[in-house]
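# Report on the structure
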Amino acid sequence: MPRIPFHYVDLRTFCYETEDDKRVESALRTFLPEEFEVTRTESTGHHGDRIIVFSARVENADDVRHVLAKLSELSDFDALLEELDDRVTENTELFLRLDKQAAFRGDVRRGNGITLRAKVEAYPATKEAAVENAREALSEADDLS
């Protein structure tokens, strides 16, 4: 199997008062391996409304492969590869937003609702090296499923 140049992948979404928490958690799980642990934190919004934050940190290489394979299902995956220079920070982190509604239906699309943050391995720890490592790993992502 190819080497995975990611230290971890964080996925996070919010469940607002008007949303069903089981459905929102299900949307997040679209990107996770089966039976993966999801952290649930309850909070209160500015107006006293309930907000639940669902999050998961994927660190195991096989689990990261699973997340990358799901990302390869994006219809605009090639556009994502072209945007990597804008999506990777100087701190070697890759950021991407995913569509929560589509994820609930099992579809993988870019949009709003789910935030993905991945720490890219890069030696030396430069943005350029991180972009290249992320591009290489994502280019091979469709072979990981």
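What comes next is a walk through the structure. Given the structure is predicted, the values throughout are model-derived calculations rather than measurements.

### Remarks on helix α6 (residues 127-139)
In this model, α6 (13 residues) spans 18 Å end to end at C-alpha, consistent with the 18 Å of a helix rising 1.5 Å per residue. Looking at the buried residues of α6, the elements they touch are β1 (6-16), α2 (61-71), α3 (77-82), α4 (84-87), β4 (93-99) and β5 (113-120).

### Thoughts on a negative patch on the surface
A cluster of acidic side chains, namely Glu132, Glu136, Glu140, Asp142 and Asp143, defines a negative patch on the protein surface. One can find Glu136 in helix α6. Taking relative accessible area as the criterion, Glu136 reaches 46% and is therefore assigned partly exposed.

### Looking at the sheet that holds β1
Spatially, the five strands line up as an open sheet ordered β2-β3-β1-β5-β4, and their pairing is antiparallel. Every other strand in the sheet has two partners, leaving β2 (39-44) and β4 as the edge strands with one partner each. Across the sheet, the mean angle from the axis of one strand to that of its neighbour is 20 degrees, orientation sign disregarded. Here helix α1 (residues 21-29) sits on the sheet in contact with β1, β2, β3 (50-58) and β5, set at roughly 160 degrees to β1. Relative to β1, α2 is tilted by about 65 degrees, and along the sheet it contacts β1, β3, β4 and β5.

### Regarding the side chain of Lys119
Positionally, Lys119 belongs in strand β5. Buried Lys119, no salt bridge; nearest opposite-charge side chain is Glu93, N-O distance 5.2 Å. For Lys119, the side chain forms a polar contact with the main-chain oxygen of Asn91, separated by 2.5 Å. Separated by 3.1 Å, the side chains of Lys119 and Thr92 make a polar contact. Leaving out residues up to four positions away in the same chain, Lys119 has contacts with Pro5, Phe6, His7, Tyr8, Asn91, Thr92 and Glu93.

Conventions used here
- The residue count restarts for each chain, going from 1 along the sequence in the order it is written.
- It should be noted that, the model being predicted, local features are given only for residues of pLDDT at least 70 and side-chain atom pairs only at 80 or more, the latter also being counted only at that level, while totals for whole chains, interfaces and linings use all residues.
- With hydrogens and water stripped out, all remaining heavy atoms of the structure feed into the side-chain values.
- Strands here are runs of E lasting at least two residues and helices are runs of H or I lasting at least four, both read from the DSSP assignment and numbered beginning at the N terminus.
- Helix span, expected: 1.5 Å multiplied by one less than the number of residues in the helix.
- Every residue pair with non-hydrogen atoms within 4.5 Å of one another is taken to be in contact.
- The patches described consist of residues with a relative accessible area above 30% and no salt bridge, like charges being joined within 9 Å and nonpolar side chains (Val, Leu, Ile, Met, Phe, Trp, Tyr) within 5 Å.
- Each accessible area is a Shrake-Rupley estimate made with a 1.4 Å probe; only the visible protein chains count as cover when residues are assessed.
- We define a salt bridge as a side-chain nitrogen of Lys or Arg found within 4 Å of a carboxyl oxygen belonging to Asp or Glu.
- When charges are counted, Lys and Arg contribute as positive and Asp and Glu as negative, whereas His and the chain ends are disregarded.
- The atom standing in for a charge is NZ when the residue is Lys, CZ when it is Arg, CG when it is Asp and CD when it is Glu.
- Burial classification: accessible surface area is computed with a 1.4 Å probe over protein chains only, and a residue below 20% of its type maximum counts as buried, one above 50% as exposed, and the rest as partly exposed.
- For two strands to pair, DSSP has to find at least two bridges joining them.
- To obtain each axis, a line is fitted to C-alpha atoms, and for helices this fit is confined to the stretch in contact; angles are then taken between N-to-C directions over 0 to 180 degrees.
- N or O atoms within 3.5 Å of each other form a polar contact, as long as, within protein, one can give a hydrogen and the other can take it, and as long as residues adjacent in sequence are counted only when both atoms are side-chain atoms.

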